[in-house]
Amino acid sequence: MLAAVKAKNGARRQNGAKILVLVVARADFRHDDPHDDSIKGFNRTVTDYEVLLQDTYGAENVTLRGAGYETFPGLEPRSKGMAKYLQRLDFSGDKFLYQYEFAMLIRSISREKYDQIHIVGHGDPDVGLLFFGGRDLRGDIYAAVGFDEAKAKRAGLNKSENWPMNPGCKIALMACGSAAGDFAGFLTNPDYDIAKVVGDVYTIYGDFLCEGKDVTFGPEEIPEEERPRIGRITLSWYHDKQYRCISALGERLGIQEASAKPR
């Protein structure tokens, strides 16, 4: 049943790309209930987006790092110094990253090479993609700031060799209003030689949302909302219920699917 719904409404498999997902934030700024279901709120958007990429390129070709993940899972430390280093790069219990943690993460995996880098998090229409820590934008629960170019340069992120990119790598800033702020301009600055052309960086002017579908099972005479939930799928890039920011990115990446999927 779940496989049939996924085949009808989910993404089609593509070939030939290695994908890196860097999660800067995976929780709702305005909601910090420790008893909340982990798939609710913004975390569900992040999870659905991760699944969309895995369904499209194969889970074996998608590497997930940042908030909610270890950077080097399963790697045994050979010294106390290495153990401390790995501990600093273990973000599996975190919901947000500071910018210095983000820079440390990128530099630690710079020898790996990817065809696409998806940087995922919250955003603000005035300052773009947000990092945790600093000026309070959402009240007194969490504080967040936009990308700081001076901090990035001090961390060496203006040098292309410190980014885990294959030639022609495309970067997607998946956050609300990620077209604002300084991050996109930093990535496309010709003095830094990170992204070769402006078209290699995808940004969003409106909201970042990725739509999935809870799959239920039961007799037709029982209302769908009362049937048992047997799983969840992410809708395909061009599904008629998928968000425009996702379908626009799919077009930019050359995702091959029908223009619309059945409801």
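Just so it is clear, the structure is predicted and the values come from calculations on it, not from any experiment.

Cut-offs applied
Residues numbered from 1 in each chain as written. Predicted model: local features only at pLDDT ≥ 70, side-chain atom pairs only at ≥ 80, totals over all residues. Heavy atoms only, no water. Helix = DSSP H or I, 4+ residues; strand = E, 2+ residues; numbered from the N terminus. Buried < 20%, exposed > 50% of the residue type's maximum accessible area, 1.4 Å probe, protein only. Contact = heavy atoms within 4.5 Å. Areas by Shrake-Rupley, 256 points an atom, 1.4 Å probe, with all protein chains shown as cover. 1 Å grid on protein atoms, 1.4 Å probe; cavity = no way out; pocket = protein on both sides within 12 Å on 5 of 7 lines; lining within 4 Å. Points joined across faces, edges and corners; volume = space filled by probe spheres on them. Polar contact = N/O pair within 3.5 Å; in protein donor to acceptor, adjacent residues only side chain to side chain. Phe/Tyr/Trp six-rings, centres within 6.5 Å; stacked < 30°, edge-to-face > 60°. Lys, Arg positive; Asp, Glu negative; His and termini not counted. Salt bridge = Lys/Arg side-chain N within 4 Å of Asp/Glu carboxyl O. Pairing = 2+ DSSP bridges.

Draft legend 1. Fine view of the overall build of the protein. Of regular secondary structure, the protein possesses 7 helices and 10 strands. Counting over 263 residues, the protein shows a buried share of 48%. Within the protein, contacts between residues at least 6 apart in sequence are counted, and of these 68% link residues at least 24 apart. Summed over its atoms, the accessible surface of the protein is roughly 13,300 Å², and 48% of this surface lies on carbon and sulfur atoms.

Draft legend 2. A look at empty space enclosed by the protein. Within this structure, the stated rule accounts for 1 cavity of 30 Å³ or more. Its boundaries defined by the atoms lining it, the largest cavity holds a volume of some 50 Å³. If you go around the largest cavity, you meet 13 residues; those closest to its centre are K170, I171, A172, L249 and L253. Among the secondary structure elements, those contributing two or more residues to the lining of the largest cavity are β3 (114–120), β7 (165–174), β8 (201–202) and α7 (244–253).

Draft legend 3. Structural view of the environment of Q99. Counting through the fold element by element, Q99 comes out in helix α4 (residues 99–108). Apart from the residues within four sequence positions on either side, Q99 is in contact with F131, G146, F147, D148, K151 and A152. A polar atom in the side chain of Q99 sits 2.9 Å from the backbone oxygen of D148.

Draft legend 4. Region of the structure containing α7. Judged by how many residues are buried, α7 sits mostly within the fold: 7 of 10 residues are covered. For α7, the set of buried residues is C245, I246, S247, A248, L249, G250 and L253. The first or second residue beyond α7 is G254, which carries a positive phi of 75°.

Draft legend 5. Region of interest: the packing of aromatic side chains. Per the counting criterion, the structure on display carries 11 aromatic pairs. With centroids separated by 6.2 Å and ring planes inclined at 75°, the aromatic side chains of F42 and F208 adopt a geometry described as edge-to-face. Highlighted residues: F42 in helix α2 (residues 42–57) and F208 in the loop between β8 and β9 (212–216), separated in sequence by 166 residues. Judged on exposure class, the residue F42 and its partner F208 are both buried. Residues F186 and Y192 carry aromatic rings whose centres are separated by 4.9 Å and whose planes lie at 50° to one another, so their mutual orientation is tilted. Each of the two residues, F186 as well as Y192, counts as buried.

Draft legend 6. Broad picture of the side chain of E101. Within the secondary structure, E101 is located in helix α4. Of the side chains with opposite charge, R88 lies nearest to the buried E101, which makes no salt bridge, at 8.0 Å. In this structure, E101 is in contact with F91 and F96, ignoring residues within four places of it in sequence.

Draft legend 7. Structural view of the side chain of R26. Secondary-structure assignment places R26 in the loop between β1 (19–23) and α2. Exposure remark for R26: the relative accessible area of 11% places this residue in the buried category. Within the local environment of R26, its side chain forms a polar contact with the side chain of E50, the two groups lying 3.3 Å apart. Among the polar contacts made by the side chain of R26, one reaches the main-chain carbonyl oxygen of A67 at a distance of 3.4 Å.

Draft legend 8. Representation of the sheet that holds strand β5 (residues 128–132). Spatially, the 3 strands line up as an open sheet ordered β4-β5-β6, and their pairing is antiparallel. Of all the strands in the sheet, just β4 (123–124) and β6 (144–146) have a single pairing partner and so form its edges. Where β4 lies against β5, 2 bridges are found, and the strand directions are antiparallel. The residue of β5 that forms the bridge with G123 is L129.

Draft legend 9. Quick peek at the pattern of salt bridges. One pass over the full model with this rule turns up 7 salt bridges. One network of salt bridges, in which partners are shared, links D48, D214 and R232.

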